[in-house]
Amino acid sequence: MNEIKLKQKNIFLVGFMGAGKSTVGKILAEKTGYSFYDADQYIEEQAGTTITQIFAEHGEPYFRDLESNATEEMAKKENQVIATGGGVVQRDRNWNAMKNNGITVYLKASIETIWERIKDDTTRPLLQVENPVETARELLNKRASMYEKADIIVLTDNLSLEQAADEILALLNSQS
Ligand code: S3P
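So, a few notes on the structure that sits alongside this text. (Residues numbered from 1 in each chain as written. Predicted model: local features only at pLDDT ≥ 70, side-chain atom pairs only at ≥ 80, totals over all residues. Heavy atoms only, no water.)

1. So, the packing of helix 6 (residues 111–118) against helix 7 (residues 132–147)
How two helices sit against one another is set out by the angle between their axes and by the gap between those axes.
Alright, step 1. Relative to each other, helix 6 and helix 7 sit at 135°, their axes nearing to 11 Å. The angle between the axes of helix 6 and helix 7 places the two elements in the oblique class. Crossing of helix 6 against helix 7: the hand is right-handed. Side by side, helix 6 and helix 7 meet where I111, E112, I114 and W115 of the first sit next to P132, V133, A136, R137 and L140 of the second.
Alright, step 2. Residues belonging to the contact of helix 6 with helix 7 are distributed by class as follows: 7 nonpolar, no polar and 2 charged. (Axes fitted to C-alpha atoms, helices over the stretch in contact; angles between N-to-C directions. Helix = DSSP H or I, 4+ residues; strand = E, 2+ residues; numbered from the N terminus. Parallel < 35°, antiparallel > 145°, perpendicular 65-115°, else oblique. Left-handed = near helix turned anticlockwise from the far one by under 90°. Contact = heavy atoms within 4.5 Å. Nonpolar A, V, L, I, M, F, W, Y, C, P; charged D, E, K, R; others polar.)

Structure (structure tokens):
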């Protein structure tokens, strides 16, 4: 492996569902030698059940508390690429954990790109509604300014996920 040295303690990938956070995160981890963590997977392992079940049994606020706890827990370690869940940007508590422990990168994509990636997915409880594309559009609009708080923003509409990872690395390496 040809590892690329980074100055950042951790890299937090933020972005909407289907933005490619997990895939890009795995590629970045491979290229840097950092460990890869997927926040949703971490939450599922801790809870011993799926995100779908957590939403169904306990509701969204309960899930958000698990997500905040997981974000703070994961942020404690070093040399990790962390793919967060799409809603992590909604709480200041999560931003504090991320910004104090690494660099945040927003994988920005249009609703068209996102919808292409998630239209057949049934594992995202927020989109199991009558008109999922409209719901996704509204949620993306509502969260747009929250995602933009990230330290680095990468537009991914015209990039492969491999190219997005390379662009992130170039931007991270050019930072002092
Ligand atoms: C959510 C995104 C999901 C997952 C949960 C809620 C959101 O993660 O955390 O379904 O609020 O946008 P992904 O962004 O990995 O799909």
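2. Looking at the sheet that holds strand 5 (residues 152–155)
Hydrogen bonds along the backbone pair up the strands of a sheet, which may run parallel or antiparallel.
Alright, step 1. Sheet architecture is open: 5 strands sit in the order 2-3-1-4-5, paired in parallel fashion. The open sheet is flanked by strand 2 (35–38) and strand 5, the only strands paired with a single partner. Going across the sheet, the axis of each strand differs from the next one's by a mean of 20°, ignoring polarity.
Alright, step 2. Pairing of strand 1 (residues 10–14) with strand 3 (residues 80–83), which is carried by 4 bridges, proceeds in the parallel orientation. Residue I11 lies in a different strand from strand 3, and its bridge partner there is V81.
Alright, step 3. On top of the sheet, helix 2 (residues 39–47) reaches strand 2 and strand 3; it is set at about 70° to strand 2, its chief contact. (Pairing = 2+ DSSP bridges.)

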